[in-house]
Structure formats: C-alpha cells, structure tokens
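# Descriptive structure summary
This is what each chain is made of:
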Amino acid sequence: MKRLAIAALVTLGVVSAVHAAGDATAGQSKAVTCTACHGADGNSITPIWPKLAGQHASYIQKQLADFKSGARKDATMIGMVAPLSDQDMADLAAYYSTQTVAIGSADTEQAALGKKIYHGGIAEKAVPACMACHGPNGAGNPGATFPSLTGQHVDYVVKAMSEFRSGTRDNDPAQMMRDLAAKMSDTEIKAVAAYIAGLH
C-alpha cells in the first residue's frame, strides 16, 4: 500500500526521481559559498533568506535542482547553482539536514490567528489546514518533499506564499501551494507566517 502511495506521488510530480546519497562532511566544506546568505549552520541572519538548518535533504535537493533547471527562478540562486553537480547538491542537502534550526518568535496576536489557520484551515475559503501536509509541529514530509516549516523566518514565509499566490513561483507539485495561497489575504498569510516562526 505504501509503495502504491509513493508511486502516485511520483506520478503527480510530488516525489521526484531518487536523489544521490549525500555526504554531510563534504557538504559542510561546500557550504562555505552559501554562508553569506544562509549562515554557517543554515540559520540565516537575514529574515528574507530561508533557514536551511534541519530542512529535509530531499526538499533541499529538489529546490537546488529546480533552481538549476529553471523550474524555480531566483536571480541570486541561478548563479549559485550553476557550477553544482548532482553530488554537490546531495552533499549540501545532507549537511544542512543535520543542522539544528533556531526557533524564532513573532507577534503573538498574529500568531494566534495563524495557529487557527495552520491547524484548522479556513473553511469558508476552502483552505485546508497547513498541518495536513506539513504536520502539527511543522516537521513536513520528506518522502513527499513537503518541507519542514519549523522555525522558518516570518519574512521568508510571507515572500514564498506571496510568490505562490502571484504565480511567480510555480514549482509546487500539482499547483497545491498556488491554489491554496490564491485564496488567502495578506493578513492571513502574515498570521500563518508568524505562527510558523515559533513552531516546533
């Protein structure tokens, strides 16, 4: 049954082809060029850039591959991924996945609304609960390449959700994030982002 579920996810494009096995030690040395934006241990200081610490290796590999293929667009990342081989991407993913994410905090009033949306969705807009894919504690699902959201920066989550809503980011499987974000207001997106910042 589990194999059939994974096969279905592959068909939908949720799970990509099997990635190369990564070497975290090799990834640490290769991550030197990533530290200016993402921090030495994957905990970026600038809130517009995502924390990579503790992120699933499968998700990191997918995003790097998408940047390289053009499936995901970012002016900075295009240049960064250009020289990377599949093994380089696997090694970087392995390294960051072994690091510990620093949990943040945000406006408690916004986070209260965000908690309701994250755990219960928005019924009147047919927005499902975020935890359905990302888990009650934000751990995500590495097999389906659904990212961990634990402790992610508020500004980065708002940026990502806004890009999905506008369609400028379109590398989500089966348009799941685009369809969801299109139904959410700025206030709702910011509230969810505030809740996610302290989620663990």
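Details of the structure are given in the entry above.
Below or above, wherever it landed, is the structure these notes cover. Small disclaimer: the values here were computed from a predicted structure and weren't measured.

### As for the overall build of the protein chain
- On a plain count of helices and strands, the protein chain comes out with 11 helices and 0 strands.
- Taken from N to C terminus, the helices and strands of the protein chain fall in the order α-α-α-α-α-α-α-α-α-α-α.
- In terms of C-alpha radius of gyration, the protein chain reaches 16 Å, essentially the compact-globule figure of 16 Å for 200 residues.
- Principal-axis analysis of the C-alpha atoms places the extent of the protein chain at approximately 45 × 40 × 30 Å.
- Excluding contacts between residues fewer than 6 apart, the proportion of contacts in the protein chain whose partners are at least 24 apart in sequence is 69%.
- Approximately 10200 Å² of the protein chain is accessible, and the part contributed by carbon and sulfur atoms is 61%.
- Side chains of the protein chain carry 17 positive and 17 negative charges; the gap between the two charge centres is 4 Å.

### Notes on empty space enclosed by the protein
- Under the definition given, this model contains 1 cavity of 30 Å³ or more.
- Of the volumes computed, that of the largest cavity is approximately 40 Å³.
- Its residues assigned to classes, the lining of the largest cavity comprises 2 nonpolar, 5 polar and 1 charged.

### Structural notes on the environment of threonine 108
- For threonine 108, the position within the fold is in helix 7 (residues 108-120).
- Taking relative accessible area as the criterion, threonine 108 reaches 68% and is therefore assigned exposed.
- Spatially, the C-alpha atom of threonine 108 lies 29 Å from that of alanine 40, the residues being 68 residues apart in sequence.

### Focus: helix 11 (residues 186-197)
- The end-to-end C-alpha distance of helix 11, which contains 12 residues, comes to 17 Å, matching closely the 16 Å that a straight helix rising 1.5 Å per residue would cover.
- Taking burial as the measure, the 12 residues of helix 11 include 9 buried ones, the bulk of the element.
- Those residues of helix 11 not exposed but buried are Glu188, Ile189, Ala191, Val192, Ala193, Ala194, Tyr195, Ile196 and Ala197.
- Where the residues of helix 11 are buried, they touch helix 7 and helix 9 (154-166).

### Points about the nonpolar core
- Residues Tyr118, Met161, Met184, Val192 and Ile196 are the most contacted members of the largest nonpolar core, which totals 21 residues.
- The set of elements that each furnish at least two residues to this core consists of helix 7, helix 9, helix 10 (176-181) and helix 11.
- Per-element tally for this core: the top contributor is helix 11, with 6 residues.
- Excluding its chain neighbours within four sequence positions, the residues that come into contact with methionine 184 are Ile117, Ile122, Lys125, Val127, Met161, Arg165, Ile189 and Val192.
- If you look at the next biggest cluster of nonpolar residues, it comprises 14 residues, including Leu64, Phe67, Leu92 and Ala93.

### Some details on helix 4 (residues 57-69)
- Spanning 13 residues, helix 4 covers 18 Å between terminal C-alpha atoms, matching the ideal 18 Å at 1.5 Å per step.
- Residues Ser58, Tyr59, Ile60, Gln61, Lys62, Gln63, Leu64, Asp66 and Phe67 constitute the buried set of helix 4.
- Lining the buried residues of helix 4 we find helix 5 (75-81) and helix 6 (86-97).
- Backbone geometry just downstream of helix 4 places glycine 70 in the positive-phi region, at approximately 95°.

Definitions and cut-offs
- The numbers attached to residues start from 1 for each chain and follow its sequence in the written order.
- In keeping with the predicted nature of the model, local features appear solely for residues at pLDDT of at least 70, side-chain atom pairs appear and are counted solely at 80 or more, and the whole-chain, interface and lining totals rest on all residues.
- Note: side-chain values were computed over all heavy atoms of the structure, leaving out hydrogens and water.
- Elements are defined by DSSP. Helices are runs of H or I of four residues or more, strands are runs of E of two residues or more, and each kind is numbered from the N terminus.
- Atoms counted for the radius of gyration: C-alpha only. Globule rule: 2.2 Å times residue count to the power 0.38.
- Between two residues, a contact is recorded if the distance between any of their heavy atoms is within 4.5 Å.
- Per-residue and other accessible areas follow the Shrake-Rupley method at a 1.4 Å probe size, with only the shown protein chains counted as cover for residues.
- Under the convention used here, Asp and Glu are negative, Lys and Arg are positive, and both His and the chain ends fall outside the count.
- Charged side chains are reduced to one point each, which is NZ for Lys, CZ for Arg, CG for Asp and CD for Glu.
- Only protein atoms enter the 1 Å grid used here. Points where a 1.4 Å probe fits but cannot escape make up a cavity, open sets with protein on both sides within 12 Å along at least five of seven lines make up a pocket, and a residue lines them when an atom lies within 4 Å of a point.
- Grid points are joined across faces, edges and corners, and a volume is the space filled by probe spheres set on the points.
- Residues are grouped as follows: Ala, Val, Leu, Ile, Met, Phe, Trp, Tyr, Cys and Pro are nonpolar; Asp, Glu, Lys and Arg are charged; all remaining types, including Gly, are polar.
- Buried means the residue's accessible area, taken with a 1.4 Å probe over protein chains only, is under 20% of the maximum for its type, while exposed means over 50%, and partly exposed covers the values in between.
- Expected span of a helix, by definition, is 1.5 Å for each gap between consecutive residues, and there is one gap fewer than residues.
- Take the buried residues of types Ala, Val, Leu, Ile, Met, Phe, Trp, Tyr and Cys, join any two whose side-chain atoms come within 4.5 Å, and each joined set is a nonpolar core.

Just geometry here; none of it tells us what the structure is for.
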